[in-house]
Every structure is written in structure tokens, then in C-alpha cells.
Amino acid sequence: MIKLGLMVLVVTATGAVNIYSWRDIYDLYDYIRFTSYRCVFICRTSTVPSKYLMTMMIIVMMICFYVFARHLERQSRKLFLWKIGVHDQKERVFEMRRWNEALVTNMLPEHVAKHFLGSKKRDEELYSQSYEEIGVMFASIPNFSDFYTEESINNGGIECLRILNEIISDFDSLLDRDEFRCITKIKTIGSTYMAASGLTPESNTNGYNNRKLEDQSLIERWQHLADLADFALAMKVTLNNLNKQSFNNFMLRIGLNKGGVLAGVIGARKPHYDIWGNAVNVASRMESTGVMGNIQVVEDCYSILKEYSFRFIRRGPIFVKGKGELLTFFMKGKDKPSTNADPVTTTLPHQVGQLS
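The name given to the protein chain in an unreviewed UniProt entry is adenylate cyclase, with the source organism recorded as Amphiprion percula.

Below you can see the structure in the form of C-alpha cells.
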């Protein structure tokens, strides 16, 4: 509207100057122009005076300029809106990629997620890594199955599921602590929580990393296993706090083990990170043959964890399916680093009947 107003003002002023101020000049121009012709009268009566012709030319020119300016304005607005649309699309793509990365990172360990997000992978390509020194933990809530009912008072079991979700979520929140950064949650099976320690790129099996592990002391090499044991103790404290708030009496039965595993991602549409090996099987057996409220370990695991001031009680040999008799211990807590007392190795009286 401002451009149109200025153009109308310019055309009006130019027309007024041509018709009124410069009319004598235009009339003289017309007289000199047509005196050379024989049909002066006919030509003059049939020709538009120059002052009006010039004014009409200016009006037409201004109209053309206005139409051209409107066209440029329309194209500029389209370009502006297109740029905004492209910017919004880029923001949405960036936000979607960030969400996808967060989702993949929640599904897979961080270094595995970077492996898949860093380059284009085909669905049929297999990801696997071997680890020699890994800690494995199984923690279950055996009395949750007695608590779970599908009666109408529990809304068909939904309230029970809500409590289980709160328990597992509290366990997951422990992994955000700095001291538990080396621990990776593998999966949950019903009310059983599976986690592992030492699944880092520095711990995978290759020549350089093997030499690096050999240069470390025993305390440094198995620090992640001690962190996993601390995580198991923290899970018991977390569950006790939740029991006080919800007036329940859930108890954990935990099994720990260490050894070599094979880790990998299986599946293309819903990939799942899992670990396999004898260490995993023994850890599962330590949980299934354990006692509620206790953390059970085998002798090899006990020999390492006792160096980190963990307190143990000897349970004795128990029969493990597929493994025979294994000497096991119950981890009861952790002393301060300054405490160097020898661990007690007596069998609990009320557990004698549960050894087989």
C-alpha cells in the first residue's frame, strides 16, 4: 500500500506538471512537429496532444512497475515461507534424530548404539564382541508371584504391574549414579533383573586390550565386579525403602558370577542386546538356588570380592544342575576400606536344609 500510494502521488504530480506547468512547451513541440505536413489540420485533429500522451505513458509505466513489484513481493514471500518451512523441517529432522538416538541408547549400551548410529548397517549384519573378564548379576523377587493377582481389587493385575514397574524403574535410576556407570542393564524377565559389568570397548577380547589387562593389578581389573556387588547391595536398600512406602515385604534373591561371555545384538526390527556364556549360566543358577534376602556367589567370585572388603558367610557346597557341586558364599555387606578382618566362613543354621 505504501508503494501504491507513492506511485499514485508521483503519477499525479508528473501529470499536473505535464498538463499545466509544461503545456506551452508541449504545444510548441506539437506545432513544430506538424507544420511540415500538408494536412496540418487533419493531423492535428486526429493526434493526441503530447502532454496527454506523455502523461498516459507515465501512468502505464507506473502500472507496469506496480505489477512487477507485486510479483517480486509475492515471490519473496513464497521464498521466505519456503525457507521457514525448510528450517522447520530441519528442526523436526534433528529432533527426530535426537529422539531416535536416545531411544537406541536406551535399548542398547552406549558404545553399541554408537556402532549402529555411526554408519549405515544392513539388517543382516551381525554385531558381536567377546569379553574375558565380565561380571554378571541376576536379581529376582520370588515373592512377587504370590503378590500378583488379577482380582478386581487390583484392577485386573494393573496395580501389581504398576508396583513392579516402580521397582524396576528405581533399579534403573541407580544406573545413573557415577559409581555404577560401568554397569549395563541387559534385560528384565518377569520380576528378574539382569545386569552385567565390564561391557566396555576397552574390555573386549583383542591383543592390545589383553596386554592392557595384564598390565593392571587384580584390584584394578575387577573394580567393575566390585561395583556390580555394590549395585546389588544398593538394590536391596532401594527395595527396602520401597517396602516401607508401599507396606510390602518384597525380598531380593541375587546371584553373582564372573567370567568370559559373548555379547551381541540379535534382531533387525526390535534389536536386543544380550550376553551368552558359562558365566551367565552359573550366575543364573546362583540366583535360582539362592535364598531370599541373600546374594550368592561361587568361590572364584568370592576370592576376588573379599579383596574389596565385602563380608561373606560360607554356605557350603550345593548341587547346581549341569555344573555338579559348587562351593558358594553369601555376601552380607561391605566393610570400610580400613577394615582388614578375615571373612567369617560359618554356615547359617537355618540354611542347612536348603543346601541341596
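From this point, the discussion proceeds with the structure in view.
(A) Representation of the overall build of the protein chain within the structure. The helix and strand tally for the protein chain stands at 12 helices and 8 strands. Across the 356 residues in the protein chain, those meeting the buried criterion constitute 35%. Across the protein chain, every contact between residues at least 6 apart in sequence was considered, and the portion connecting residues at least 24 apart equals 70%.

(B) Just the packing of aromatic side chains, in detail. This structure, assessed with the given rule, holds 6 aromatic pairs. Seen in terms of ring centroids, Phe144 and Phe250 are 5.8 Å apart; in terms of plane orientation they differ by 45°. Their pairing is tilted. With Phe144 in helix 6 (residues 144-147) and Phe250 in the loop between helix 10 (223-246) and strand 4 (253-266), this residue pair connects regions lying 106 residues apart in the sequence. Pair check on accessibility: Phe144 and Phe250 agree, each one buried. Taking 5.1 Å as the distance between ring centres and 90° as the angle between the ring planes, the aromatic pair formed by Tyr302 and Phe312 counts as edge-to-face. A residue pair is termed long-range when its members are at least 10 positions apart, and Tyr302 in helix 12 (residues 299-305) and Phe312 in strand 7 (residues 310-320) qualify at 10 residues. Summarising the burial analysis for this pair, Tyr302 and Phe312 share the class buried.

(C) Up close: the side chain of Thr184. If you trace the backbone, Thr184 turns up in strand 2 (residues 183-189). Thr184 sits in the buried class, given a relative accessible area of 13%. If we skip the residues at most four places from it in the chain, Thr184 touches Pro109, Ala195, Ala196 and Leu199.

(D) Summary view of helix 11 (residues 278-288). Among the residues of helix 11, those classed as buried are Ala279, Val280, Val282, Ala283, Met286 and Glu287. Seen end-on, helix 11 carries its buried residues on one side only, within an arc spanning 165°.

(E) Region of the structure containing the pairing of strand 7. Where strand 7 and strand 8 (residues 324-334) come together, 10 bridges link them in antiparallel fashion. The residue of strand 8 that forms the bridge with Arg314 is Phe329. Where strand 7 folds back on strand 8, the antiparallel hairpin that results is connected by 3 residues, among which Gly322 adopts a positive phi of roughly 85°.

(F) Focus on the packing of helix 1 (residues 2-21) against helix 4 (residues 50-107). Following both chains from N to C, one finds helix 1 and helix 4 inclined at 170°, their axes separated by 9 Å at the closest point. The orientation of helix 1 relative to helix 4 falls into the category roughly antiparallel. On the side of helix 1, the interface is formed by Lys3, Leu4, Met7, Val10, Val11, Thr14, Gly15, Asn18 and Ile19, while helix 4 contributes Lys51, Tyr52, Met54, Thr55, Ile58, Ile59, Met62, Phe65, Tyr66, Ala69 and Glu73. Taken together, the residues of the contact of helix 1 with helix 4 sort by class into 13 nonpolar, 4 polar and 3 charged.

(G) Spotlight on a positive patch on the surface. Together, Lys3, Arg70, Arg74 and Lys78 give the surface a local cluster of positive charge. At 3 residues, the largest contribution of residues to the positive patch is made by helix 4. Taking relative accessible area as the criterion, Lys3 reaches 49% and is therefore assigned partly exposed.

(H) A look at unusual backbone geometry. If you check the backbone angles, Phe247 has positive phi at about 60° while not being a glycine. Locating Phe247 in the fold gives a position in the loop between helix 10 and strand 4. The backbone phi angle of Ser309 is positive, close to 70°, even though this residue is not glycine. Structurally, Ser309 is set in the loop between helix 12 and strand 7. Residue Ser309 is classed as buried on the basis of its relative accessible area of 14%.

The rules behind these values
Residues numbered from 1 in each chain as written. Predicted model: local features only at pLDDT ≥ 70, side-chain atom pairs only at ≥ 80, totals over all residues. Heavy atoms only, no water. Helix = DSSP H or I, 4+ residues; strand = E, 2+ residues; numbered from the N terminus. Buried < 20%, exposed > 50% of the residue type's maximum accessible area, 1.4 Å probe, protein only. Contact = heavy atoms within 4.5 Å. Phe/Tyr/Trp six-rings, centres within 6.5 Å; stacked < 30°, edge-to-face > 60°. Arc of directions from axis to C-beta. Pairing = 2+ DSSP bridges. Axes fitted to C-alpha atoms, helices over the stretch in contact; angles between N-to-C directions. Parallel < 35°, antiparallel > 145°, perpendicular 65-115°, else oblique. Nonpolar A, V, L, I, M, F, W, Y, C, P; charged D, E, K, R; others polar. Patch = residues over 30% accessible without salt bridge, like charges linked within 9 Å, V, L, I, M, F, W, Y side chains within 5 Å. Areas by Shrake-Rupley, 256 points an atom, 1.4 Å probe, with all protein chains shown as cover. Salt bridge = Lys/Arg side-chain N within 4 Å of Asp/Glu carboxyl O. Lys, Arg positive; Asp, Glu negative; His and termini not counted. Charge placed at Lys NZ, Arg CZ, Asp CG, Glu CD.

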